[in-house]
Amino acid sequence: ECFYMSYTIIPEKTAIKNGVSNSSKLISHKAFQVKELSVLDYGCGKLRNAKFLLNEGFKVSILDTKKQLHHISKEDLLLFEEVYEAESISFDNKYPTVLCSFVLNVIPSEDIRVDILNNIHEFLTVDGFAYIEVRGTGFLKGAKTKVPYLDGFVLGNGENKTFQKGFTKDTLIELISKSKLNLWEVQKFGDSLIAICRK
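Counting restarts for each chain, with residues numbered from 1 along the sequence as it is written. Reporting in this predicted model follows two pLDDT cut-offs: at least 70 for local features of residues, and 80 or more for side-chain atom pairs to be given and counted; totals over whole chains, interfaces and linings ignore these cut-offs and use all residues. Hydrogens and water molecules were not included; the side-chain quantities draw on all heavy atoms of the structure.

J.: When you look at the packing of helix α1 (residues 22-30) against helix α2 (residues 48-55) in this model, what are you seeing that I'm missing?
T.: Each pair of packed helices can be summarised by the angle the axes make with each other and by the distance between the axes. Look at α1 against α2: their axes get within 10 Å of each other, and the N-to-C directions meet at 20°. What the angle tells us is that α1 and α2 run roughly parallel. The two elements α1 and α2 cross, and the hand of that crossing is right-handed. In this structure, α1 contributes Ser 24, Lys 25, Ile 27 and Ser 28 to the contact, and α2 contributes Asn 49, Phe 52 and Leu 53. Angular values range over 0 to 180 degrees, each being the angle between N-to-C directions of two axes fitted as lines to C-alpha atoms, with helices fitted over their stretch in contact. Elements are defined by DSSP. Helices are runs of H or I of four residues or more, strands are runs of E of two residues or more, and each kind is numbered from the N terminus. Convention used here: angles under 35 degrees read as roughly parallel, angles over 145 as roughly antiparallel, angles from 65 to 115 as roughly perpendicular, and any remaining angle as oblique. In a left-handed crossing the near helix is turned counterclockwise from the far helix by less than a right angle, and in a right-handed crossing that turn is clockwise. For this analysis, residues touch if any pair of their heavy atoms sits within 4.5 Å.

Here's what the structure looks like:
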């Protein structure tokens, strides 16, 4: 959380409940021959992608803030190999695939975005792939409550608000270049971009 003026920015409020991200579908498609792969969902939110990947036959671990994980039922938590709190990460386990979908958009600080990318780098096995999905800029055009803040916008009514930054291909590439990850390719799906990176 960060405090600014008379409201609080709460990233957890942006968690999406329904549907499956294009990055999750890409992981499932690319790995269709090896279903024993383990995946870390970095910023699992309301588990829409983690549960999809479980159903596709992957071993899945999840990571999110303590506040977000608190809202996940005990039954659901037991579905996953490992559960990490973002506030106290250990990098004992390594993953051939890390998913990070619509997380970087909701982080107001660029330094923290780079920290997240570097954490993902630490979680990857030597030849591992990270699928970093971000929103483009189109979804912000119709937002009624947006107020410019840092390099994005604050959205929402009332005291509790969310932050969103829309990325272009260039701004996504620039962000990744500041981290330890090596960019492999960027794919566009509608109004989202997926950077596929390697360790």
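J.: What is the right way to read the pattern of salt bridges from this model?
T.: Side-chain pairing between opposite charges can occur once the charged atoms of the two side chains come close. Here, a salt bridge means any Lys or Arg side-chain nitrogen found within 4 Å of an Asp or Glu carboxyl oxygen. Applying the stated criterion across every chain, the model contains six salt bridges. Across the pair Arg 113 and Asp 151 runs a salt bridge whose closest N-O atoms are separated by 2.8 Å. A residue pair is termed long-range when its members are at least 10 positions apart, and Arg 113 in helix α5 (residues 110-123) and Asp 151 in the loop between β8 (147-149) and β9 (152-155) qualify at 38 residues. Among the salt bridges present, the one from Glu 174 reaches Lys 178, with a minimum N-O distance of 3.7 Å. Here the salt bridges do not stand alone but share partners, grouping Glu 110, Glu 174 and Lys 178 into one network.

J.: Teacher, can you tell me more about the packing of aromatic side chains here?
T.: In this description, a pair of aromatic rings is defined by centroid distance and the angle of the planes. Between 30 and 60 degrees the pair is tilted, below 30 it is stacked and above 60 it is edge-to-face, where a pair is any two Phe, Tyr or Trp rings, Trp via its six-membered ring, whose centres lie within 6.5 Å. Scanning the entire structure with this criterion turns up seven aromatic pairs. For the ring pair Tyr 84 and Tyr 95, a centre distance of 6.5 Å and an interplane angle of 85° mean the geometry is edge-to-face. Of this pair, Tyr 84 sits in strand β5 (residues 83-85) while Tyr 95 sits in strand β6 (residues 95-101), placing them 11 residues apart in sequence. Ring-pair connections join several aromatic residues into one group, and the members of that group are Tyr 42, Tyr 84, Phe 91, Tyr 95 and Phe 123. Note on criteria: charge over ring means Lys NZ or Arg CZ within 6 Å of the ring centre, with the direction from the centre no more than 35 degrees off the ring normal. The ring of Phe 102 carries the charged tip of Arg 135 above its face, separated from the ring centre by 4.6 Å. Its end group placed over the ring of Phe 153, Lys 146 keeps NZ or CZ at 5.1 Å from the ring centre.

J.: Where do I start with the sheet that holds strand β11 (residues 182-189) in this structure?
T.: Sheet strands pair by backbone hydrogen bonding; their relative direction is either parallel or antiparallel. What the seven strands build is an open sheet, ordered β5-β4-β3-β6-β7-β12-β11; its pairing is mixed. The open sheet is flanked by β5 and β11, the only strands paired with a single partner. The average undirected angle you get between the axes of adjacent strands in this sheet is 20°. Bridge count for strand β3 (residues 38-42) against β6 is three bridges, and the pairing is parallel. The partner of Leu 40 across the bridge, within β6, is Val 98. A pair of strands is labelled paired if DSSP reports no fewer than 2 bridges between them.

J.: Could you clarify how one ought to interpret helix α6 (residues 169-177) in this entry?
T.: Along an α-helix, a turn takes 3.6 residues, which lines up residues three or four apart on a common side. Along α6, the residues that are buried comprise Leu 172, Leu 175 and Ile 176. With its buried residues spanning 95° around the axis, α6 presents them on a single face. Across from the buried face of α6, at angles greater than 90 degrees, the exposed residues are Asp 170 and Ser 177. Contact partners of the buried residues in α6: α5, β7 (124-135), β11 and β12 (192-198). Burial classes: relative accessible area under 20% of the type maximum marks a residue as buried, over 50% as exposed, and values in between as partly exposed (1.4 Å probe, protein chains only). The directions considered for the arc run from the helix axis to the C-beta atoms.

J.: How do you make sense of the pairing of β3 when you look at a structure like this?
T.: When a strand is regular, its side chains alternate between the sheet's two faces. The buried fraction of β3 is high, at five of five residues. Where burial is concerned, the two faces of β3 agree: the one with Ser 38, Leu 40 and Tyr 42 and the one with Val 39 and Asp 41 are both buried. Pairing geometry for β3 and strand β4 (residues 59-64), over five bridges, is parallel. Note that in β4 the partner of Val 39 across the bridge is Val 60.

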